[in-house]
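# Working through the structure, step by step
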Amino acid sequence: MKKVAWIFAIVFGLVFLCATLMNADLIGRSRTALNRNVLRSPTRSTGARYHLVVILPDSNDSFFRGLVDGISESAPKADAAVQVFRYPGTSPLEAEPYFEIALKAKVDGLIMFIPSNDRVAERAQIAARNGVVFIPVGTEAPPGSQPGFIGSGSLRQGIEGGRRICEVLGSAARIGIILPATGPGKILDEPIYRGLAAAIKAFPPASIVAAERARPGVLSGEETASAMVRSHPSLNALLCSSSSDTVSAAQVIVDMNKVGSILIIGADESPEIHRYIQKGVVKASIVRDSIWIGREAVSAFSRSKENGSALPPVEAGYSVSSSNEGGR
Amino acid sequence: MLGTVRLKIIANCTLVLLIVGSATFYTGLASSQLARSVVIFFRDNLLMEDLRQDLDQTEEGLTGYLTAKSSDSLKDYIRNSSRLSEHALKLNRAIRTDDYLLLQRDLAGTIDAYLEDANASVSAKRGRDVKGYSDRFELSVRDAELSRLLITRIEGIFISDSLKAFSGFNARISSLLATNAVLVAAATFMGLALLVAFSYKLTRPLSRLAEAAMAVGRGEYDHELPAPESNDEIATTTAAFSSMQASIRQAFEELKSKSEVEKRLMEERVRVLDMDHKLKASELLALQTQINPHFMFNTLSAGMQLALSEDAERTADFLETLAVFIRYALQPPSRQVEVADEIECVERYIWLLRLRFLDRFKFEVHVDEEALRVHTPALLLQPLVENAVTRGLKDREEGGTVRVSVRLAGQEAILTVEDNGDGMSEAEIQRILREEPGQEILHTGGIGLRNVIRRVTLATNGKGHVELISHPAQGMSVRIHLPVGVES
C-alpha cells in the first residue's frame, strides 16, 4: 500500500507539473495574444526618429501594394515609423482629413498619392508651412507639380503598350483602353492615353476604338471590359492601366471565349497576371516599379530632412513581363 | 526536538498543504493576471470614450460661451477642456513603429490643435474680435471632427484587435480551465498520496511494536523487533520495549535455572533422605540382628566350651573364630577401624570359608606394613571377599582365586579385592554405580557391593571412591581408594 501510495504521489506529481507548465504556457500565450493585439505599450514597441504618414487610395491594386512595400522596406533605414492612411478610391476628397490630421499631428513627413488632377502644389505649400516634408507620388505628375514628385510615367506606359500591340497587330489594331479610376476627368488628357495614341500613329489605320475609365471597385474592371468588347465588335486589343483591370479584362476575354482574338496588354504584376501570361491570355504586362517609387519617396524624405533640398520630378520607369521576355 | 513524531507530522502536513496551497496560489495568481489583462484590455478603450465625452462637453461649453458668453458656459468649457487636456496627456506622443500608437499620437496632435484653436477663439471672443473668434472656432470644430475621426478609427482598430485578441484568448480559455482543474485535482491527489505514504512510514514502527506486544502476550518472548530507522519517540519506545523484552527473557531464564537448581536440590535431598532412610533401616536391621547375635555369640562361646570339654579342638577353634567374626561384624558398620582390623576380619572369614570349601578356592592376602595403621570404615573387605566367592567364583569348581591386598599410593590407601571369576558386565557395573533404586545387590548375612560404595563415599565425604574393573570371564577387581587420615 505504501509503495502504491508513492507511485500515486509520483504520478500525480508529474501530472501536477505538466498541468502547471501547460497552464503557464496557455496563460503566457493568452497574454501574448492580448499584448500583441491590444495591450500595446510605448515602451514595448520600437521607437523611431521620424513620423512618416502615407496617404493612399484604398485599392487592392498591386501598384499600391508595391508602393507601401517599398516605403515600409526603406523606412527603418530612414529611422522612420510609417503610418498608412487609406481613403476610399471613389472619392479623392476623403484623403483630405488625413492630410489635415498629418499636419495637425505635426508629423515629420507625408508621402501622398496624388491623382493627376490633384492640387498638389497647394498641398506642398501648406505642408511646408506646417513644417512637414511633403513627398507626392503617383502615376503622372499633375500640372504645376512641385519638385519632388515621384511617378511611374504612365505616358511611357501608354507608348510601350501601343508599341507592343502594334508589333502583333500592326495597322489592324483596334484598341480599347481601360483608364485609371482616378484621373483629371478628360480621357484625352490621360498620359497613358496620350502615350498609346502617340505609339499607334506609326501604324495607320490602327486606332483606339474605345477608352473607358474604370469605376472604383473590385468588379468595375470586368464591367468596363465586358461593355467595351460588346459595344465594339471590331476591338482586337485591350490596354489596361492597373493590375486589377488586367485580371478583370483577362477573365472577361476567357469568359467570352475571345482568347487569341483579343490581345491584352496588362499593367503591373500579380500571381494571377503571371498565370494569364503563361496561359497566353495576356500578351504582356507593363510593370510600373512602385516598390522603387516607395523606396525613392522615403529616400527623398530623408534627403529633405537632412539638407532641406527638393529634387526634380522623377519617373520610376517600367519593365515588361511576358512569357518570352522581360526588361526595363 | 529534531526527529520527533510531532515534528514529522507537522512537516508532512506542511508539505501537503504547501503542494495544495501552491496549486491554489498559482491558479489564483493566474486568474488575477488574466483579470488584470482584461482590465488593461478595456483601459485604452475607456480612455477613448472619455476623450470623446470630454471633446463633446468642451465643444458644447465653447459653443455656449461663444453664443451666449455666459460665465457658466466658460466655466464648463474651462473645466471640460482641462479634463480633455488631462486625458490627452495619457495618449502616446512618442514616435513608435506601431500603427495604433501612431494614431494616438495623431489624436494627441489634433486635440492639442483643438484646444489651441478653442482657447484662441475664447480669447478672441473676450477681445471682441468677431472674425478672429469665428475663424478659430471653425478651425476648432474641424479639429474636433478630425479628433472624432481618429477616435473612431482607434476604436475600430481596438475592436478589430480586441476581437483577434479575444479569439486567441478564447481559444485557450477552455484548455486553461481544464488545466486549472487538472492542476488542482493533481495537487490534491498528490497531497493525499503523500499523506498516505508518510502515514505508513510513520506508523510502520508502531505496527511492528503492536505485533511484538501481541507476540509477547502470546508468550513469544523471542519475537525480534527490527532496529529503529529513525530517532524519535517511537524509536525510544521500541528500544524500551526491546529492553523490557530482553529483561523478561532474562528473568525467565534465571527463573528456569533456579527451578532446575531447586529441582536438583530437591532430588538430592530426596536421595539423601532415602539414603538416611536406608541407613536407618540397615542400622535397625543391624540392631535386630544384634539381639540374636549376642545370643548367638554366647551360644557359640558355650559351644566352644563344650567342644573343649569333649576334646574337639577343631570344632572349638571353629566356634571361637566364628564367634569373634560375628562379634566384629555385628558392631556398627559406620565405625572407623584400622586396616589391620579389617585384614584380621578378612582372614578369619577366609579361615571359615576354607573350612567350608576346603581347597576349592585359593585366597591370597598381601598388606603393606605401613598401610596397617590406616583408618578405614569397618567391614569393607569382608563383603567384597564374600561377593567374589558367592558371585564371581560361584560357578568355579576349582582354580578360583581371591586376592586381597592393601597398599599405600601417595596420599591414599588402595584396598583391592580381585578374583578370576566370571566378572561383571559393563551394564551391571553402571547400574551399581548409578545406584538405581531397587537394584541393590545384597547378599545373605552381609552388606553388598553397593553398600560398600555408598559407605566409602559417605565416610570420606566424597573424597574416596570405589573402582570396579571387570574383565568378563576373566575376573573382577574392586579397588577402594581411601584418602590417608580421613576420619568419619
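Residues numbered from 1 in each chain as written. Chains lettered and ligands numbered in written order. Predicted model: local features only at pLDDT ≥ 70, side-chain atom pairs only at ≥ 80, totals over all residues.

### Here's the deal with the sheet that holds strand S8 (residues 237-240) of chain A
All names here are of chain A. Ordered in space as S7-S6-S8-S9-S10-S12, the six strands form an open sheet in which the pairing is mixed. Bordering the open sheet on either side are strand S7 (207-213) and strand S12 (318-322), each of which pairs with just one other strand. Geometrically, the sheet is characterised by an average inter-axis angle of 20° between neighbouring strands, direction not taken into account. Sitting on the sheet, helix H5 (residues 154-169) is in contact with strand S6 (174-179), S8, strand S9 (263-267), strand S10 (284-288) and S12, with an inclination near 160° to S9. (Pairing = 2+ DSSP bridges. Helix = DSSP H or I, 4+ residues; strand = E, 2+ residues; numbered from the N terminus. Axes fitted to C-alpha atoms, helices over the stretch in contact; angles between N-to-C directions. Contact = placed C-beta atoms within 7 Å.)

### A closer look at the pairing of strand S3 (residues 109-113) of chain A
Put simply, side chains in a regular strand alternate between the two faces of the sheet. Residue and element names in this part refer to chain A. With respect to burial, S3 is a largely interior element, five of its five residues being buried. Side-chain alternation along S3 places Gly109, Ile111 and Phe113 on one buried face and Leu110 and Met112 on a second face that is also buried. Pairing geometry for strand S1 (residues 50-57) and S3, over four bridges, is parallel. Bridged to Val53 within S3 is Leu110. (Buried ≥ 20, exposed ≤ 12 C-beta atoms within 10 Å, placed from the backbone.)

### Comments concerning the sheet that holds strand S2 (residues 361-367) of chain B
Residues and elements named next belong to chain B. Taken in spatial order, the five strands line up as S2-S4-S5-S7-S6 in an open sheet, and their pairing is mixed. Because the sheet does not close on itself, it has two edges, and the strands there are S2 and strand S6 (465-471). When the angles between neighbouring strand axes are averaged without regard to direction, this sheet yields 10°. In this sheet, strand S7 (residues 475-483) lies alongside strand S5 (residues 412-419) in antiparallel orientation, the contact comprising eight bridges. In the strand pairing of S7, Ala413 is matched with Leu482. Lying over the sheet, helix H7 (residues 339-357) contacts S2, strand S4 (400-409) and S5, oriented at roughly 165° with respect to S2.

### Notes on the interface of chain B and chain A
Across the contact, 50 residues belong to chain B and 41 residues belong to chain A. For the side of chain B that touches chain A, the secondary structure elements donating two or more residues are helix H1 (5-68), helix H3 (99-126) and helix H4 (130-217) of chain B. At 27 residues, the largest contribution of residues to the side of chain B that touches chain A is made by H4(B). Across the side of chain B that touches chain A, the residue classes tally to 29 nonpolar, eleven polar and ten charged. (Nonpolar A, V, L, I, M, F, W, Y, C, P; charged D, E, K, R; others polar.)

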